[in-house]
Amino acid sequence: TTIVFFEPDGTRREVTANPGETAMEVAVRHGVEGVDADCGGVCACATCHGYIDGAFFDRLTEMNETEDAMLELVEDQRADNSRLLCQVKIGPELDGIVIKLPGVRR
Ligand code: FES
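Everything numeric here is computed off the predicted structure, so don't read it as measured data. (Residues numbered from 1 in each chain as written. Predicted model: local features only at pLDDT ≥ 70, side-chain atom pairs only at ≥ 80, totals over all residues.)

Another point: the pairing of strand S1 (residues 2–6). Look at any regular strand and the pattern is simple: side chains alternate between the two faces of the sheet. Looking at chain direction, S1 and strand S2 (residues 12–16) are connected through five bridges and run antiparallel. Residue pairing for S2: Thr2 is matched across the bridge by Thr16. In textbook terms, the turn of a hairpin is the stretch between consecutive antiparallel strands, and for S1 and S2 this stretch comprises five residues, one of which, Gly10, has a positive phi near 95°. Where S1 and strand S5 (residues 97–100) come together, four bridges link them in parallel fashion. Opposite Val4, over in S5, you have Val98 as the bridge partner. (Pairing = 2+ DSSP bridges. Helix = DSSP H or I, 4+ residues; strand = E, 2+ residues; numbered from the N terminus.)

Shown next, in the form of structure tokens:
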């Protein structure tokens, strides 16, 4: 499964996900800039915020209340297609997903 990340400076990074990984784990494993993942993936930091491109957004599992609350912490950067990448499990249906990382983070 391929994921295309756009780093905060616009650099395009095409990387491969292993089955069962989250988008956050894939980004960290490949050293993608812009994903700090301070809490290690337990939905408690919002430093894994990303924007999910187009049709792929609708294929994701729904956001739970914890993720919604965490995204409020980055309210000024939040968009309709915002998700926390540690909550995005990558499966075959997401092959080719494009994720843009916020340009300026707190
Ligand atoms: Fe902390 Fe995703 S890694 S909320």
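As a further point, take the environment of Leu94. Here Leu94 is to be found in the loop between strand S4 (82–84) and S5. Put simply, Leu94 and Leu60 are 34 residues apart on the chain and 8.3 Å apart in space, counted from C-alpha to C-alpha. With sequence-adjacent residues up to four places away left out, Leu94 is seen in contact with Thr1, Phe56 and Arg59. (Contact = placed C-beta atoms within 7 Å.)

Right, let's get into the environment of Glu25. Within the fold, Glu25 resides in helix H1 (residues 23–29). With 22 C-beta atoms counted inside 10 Å, the residue Glu25 sits in the buried group. Considered as a pair, Glu25 and Ala37 are twelve residues apart in the sequence and their alpha carbons are 8.7 Å apart. (Buried ≥ 20, exposed ≤ 12 C-beta atoms within 10 Å, placed from the backbone.)

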